[in-house]
Amino acid sequence: MKAVYISEPGGPEVLEVREVEAPVPGTGEVLIDVVAAGLNRADVQQRRGFYPPPPGASDIPGLEVSGRIAGFGPGVTKAFSLGDKVVALLAGGGYAQQVAVRAEQVLRVPDGVDLVTAAALPEVAATVYSNLVMTAQLQEGETVLIHGATGGIGTMAIQLAKALGARVATTAGSDEKVSTAKAFLGADIAINYAEEDFPESLRRQNGGKGADVILDVVGAKYLKQNVDALADYGRLIVIGLQGGTKGELDLGQLLQKRAAVVATALRPRPVEEKGAIMNAVRDAVWPLVSDGRVRPLVAKTFPFDQVRAAHRYFDTGDHVGKILLLM
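Residues numbered from 1 in each chain as written. Predicted model: local features only at pLDDT ≥ 70, side-chain atom pairs only at ≥ 80, totals over all residues. Heavy atoms only, no water.

Going by what an unreviewed UniProt entry lists, the chain is known as NAD(P)H quinone oxidoreductase and is assigned to Pseudarthrobacter scleromae.

Right under this line is the structure:
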């Protein structure tokens, strides 16, 4: 089969399509003929040499795919049939024509979604639901602040939080993206972080109150401002480190607010946890997708052999929603 490898850390030019042996499903695994694979920030960080795959995971990048069941390893107990249309959450291996993955991390495609578009769902749906709901316990009527409005995580998080009855604030880096977040995605408050201090702007537009929950992909660069932006009993959930790994934390401010800072990562979690998250996504998110309250957003698709062009486009930050590779 064909698969993408990273020849050395660097820019999109280090991505190479190679002929390699197809995977053989092991115990508890299903084999999937991949139709499409989603690009994620983790893929870019892995390409740059900053985010190696967890022990035992494939060196091939790619954390989510859509496709059809092509085979079974021994001991698969989840009820799938050959040819079933599915999506899968991966620790790696998605940029390939086939992938073997534990059955717990595989779901049937939700009703009303075509198989290509479905590749935009598994990683972002699992990340957003596990963090906003399972970890932060976001409640109806609470205010959530979501950084990175127009990326894959942001577009899913805004829609899901609105569907759950939260008041949604978000940040973006241009007036155009701010308009998109409000008019297209439904955010109640959208802040241009390049022009405004987002904690101050949030309170001004939210009746003087900060955010009950913050979903942050930036990390150290935003740590001080995020704590400032929290409401009393607020929960800051850090899921990305685009802005660095080390920052100064004002524990006095955190104590005064009785607030919490939690950092989570989906990729290195054990199979059992990923399975529980995927089951929760199936039960809670798939119905919202099927009835149209949450839409998988695809910014652009690229043929598999144009993976370098896909990464160059990702690096511009101009996309709204997910970028997909088509096999």
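Resuming the write-up.
**A word on the UniProt feature "domain: Enoyl reductase (ER)" (unreviewed entry) in the chain**
As recorded in UniProt, the feature "domain: Enoyl reductase (ER)" (unreviewed entry) lies at residues 10–325. Helix and strand shares over residues 10–325 are 30% and 25% respectively, and the end C-alpha atoms of the span are 20 Å apart. (UniProt positions renumbered as here; feature names shortened; annotations may be inferred. Helix = DSSP H or I, 4+ residues; strand = E, 2+ residues; numbered from the N terminus.)

**Re unusual backbone geometry**
The phi angle at Y233 is positive, at roughly 65°, despite the residue not being glycine. Position of Y233 relative to the elements: it lies in strand β12 (residues 230–238). Look at Y233 and you get exposed, because its relative accessible area is 54%. If you check the backbone angles, R258 has positive phi at about 55° while not being a glycine. Note on placement: R258 falls in the loop between α7 (251–257) and β13 (260–263). Overall, the relative accessible area of 42% leaves R258 in the partly exposed class. (Buried < 20%, exposed > 50% of the residue type's maximum accessible area, 1.4 Å probe, protein only.)

**Concerning the nonpolar core**
As a rule of thumb, nonpolar side chains are buried together in soluble globular proteins. Counting 68 residues, the largest nonpolar core has L132, V144, V281 and W286 as the members making the most contacts within it. No other element matches helix α2 (residues 122–135), which puts seven residues into this core. Filtering out sequence-adjacent residues up to four positions away, V144 remains in contact with L132, L138, A161, A166, R167, V168, A169 and V213. Counting 30 residues, the second-largest nonpolar core is a separate cluster that includes V4, L39, A103 and F302. (Core = buried A, V, L, I, M, F, W, Y, C linked by side-chain atoms within 4.5 Å. Contact = heavy atoms within 4.5 Å.)

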